[in-house]
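Summary of the model geometry
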Amino acid sequence: MTAIVLYALLPIIRNTVVGLRGVDAMLVDAARGIGMSRRRSLTRVELPLAWPVILTGIRVATQLAMGIGAVAAYVSGPGLGEQIFSGLARLGGANAVNSALTGTIGVAILALLFDGCFVLLGRLTTPGTGAVRG
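Residues numbered from 1 in each chain as written. Predicted model: local features only at pLDDT ≥ 70, side-chain atom pairs only at ≥ 80, totals over all residues. Heavy atoms only, no water.

Describing a nonpolar patch on the surface
Taken together, the side chains of Leu80, Leu88, Leu91, Val97, Leu101, Ile105, Ile109, Leu110, Leu113 and Phe114 present a nonpolar region at the surface, about 890 Å² in accessible area. If you tally residues by element for the nonpolar patch, the top one is helix α5 (residues 96-125), at seven residues. Relative to the assigned elements, Ile109 resides in helix α5. Classification of Ile109 as partly exposed rests on a relative accessible area of 45%. (Patch = residues over 30% accessible without salt bridge, like charges linked within 9 Å, V, L, I, M, F, W, Y side chains within 5 Å. Areas by Shrake-Rupley, 256 points an atom, 1.4 Å probe, with all protein chains shown as cover. Salt bridge = Lys/Arg side-chain N within 4 Å of Asp/Glu carboxyl O. Helix = DSSP H or I, 4+ residues; strand = E, 2+ residues; numbered from the N terminus. Buried < 20%, exposed > 50% of the residue type's maximum accessible area, 1.4 Å probe, protein only.)

So, the packing of helix α2 (residues 25-33) against helix α3 (residues 38-71)
Two numbers describe how α2 lies on α3: the axes approach to 10 Å, and their chain directions differ by 145°. Considering the relative orientation of α2 and α3, their crossing is right-handed. Touching Leu27, Val28, Ala31 and Arg32 of α2 are Arg38, Ser41, Val45, Glu46 and Leu49, all from α3. In the contact of α2 with α3, the residues fall into five nonpolar, one polar and three charged. (Axes fitted to C-alpha atoms, helices over the stretch in contact; angles between N-to-C directions. Left-handed = near helix turned anticlockwise from the far one by under 90°. Contact = heavy atoms within 4.5 Å. Nonpolar A, V, L, I, M, F, W, Y, C, P; charged D, E, K, R; others polar.)

Here's the deal with the confidence of the model for the chain
Per-residue pLDDT for the chain has a mean of 88; in total, 94% of the residues score no lower than 70. Predicted confidence in the chain is weakest over helix α4 (residues 82-89), with a mean pLDDT of 83, and strongest over α2, with 94. (pLDDT = per-residue confidence, 0-100.)

Some words on the side chain of Glu46
Tracing the backbone through its elements, the reader meets Glu46 in helix α3. Taking the relative accessible area as the measure of exposure, Glu46 reaches 6% and is therefore buried. Aside from chain neighbours lying at most four places away, what touches Glu46 is Leu20, Val23, Val28, Arg38 and Ser41.

So, the packing of α4 against α5
Two numbers describe how α4 lies on α5: the axes approach to 7 Å, and their chain directions differ by 160°. By the angle between their axes, α4 is roughly antiparallel relative to α5. Classified by chirality, the crossing of α5 by α4 is left-handed. Judged by residue contacts, Gln83, Ile84, Ser86, Gly87 and Leu88 of α4 engage Ala96, Ser99, Ala100, Thr102, Gly103, Thr104 and Val107 from α5. Residues belonging to the contact of α4 with α5 are distributed by class as follows: five nonpolar, seven polar and no charged. (Parallel < 35°, antiparallel > 145°, perpendicular 65-115°, else oblique.)

This is the structure we're talking about:
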């Protein structure tokens, strides 16, 4: 679990840095010009503008974690791919293909559900992309 979390941090940190660097310097200057502290400028201006890029990093990290979680069963760790690898180990036996397919489809559905939740979160938290437009 620790390895998966550490591996998933790379796209999140990378996209956070890219998102924050992509914020227009004039907007940050304007925030500082109206008296915002560095912290307030970060939380009120920079992070909201960088949020779509940060959320993309979180989505990528989630997909990576799902894939690694499935493969973790191969090295006798707890993982989402236990059914996949038990089915592959019994290949040629009864229900081996069904077990492998069930595990594969289960992991794919779970990954799509997580991705859909993050897309919804992005639409609800990014101005101008929500269901209600004003």
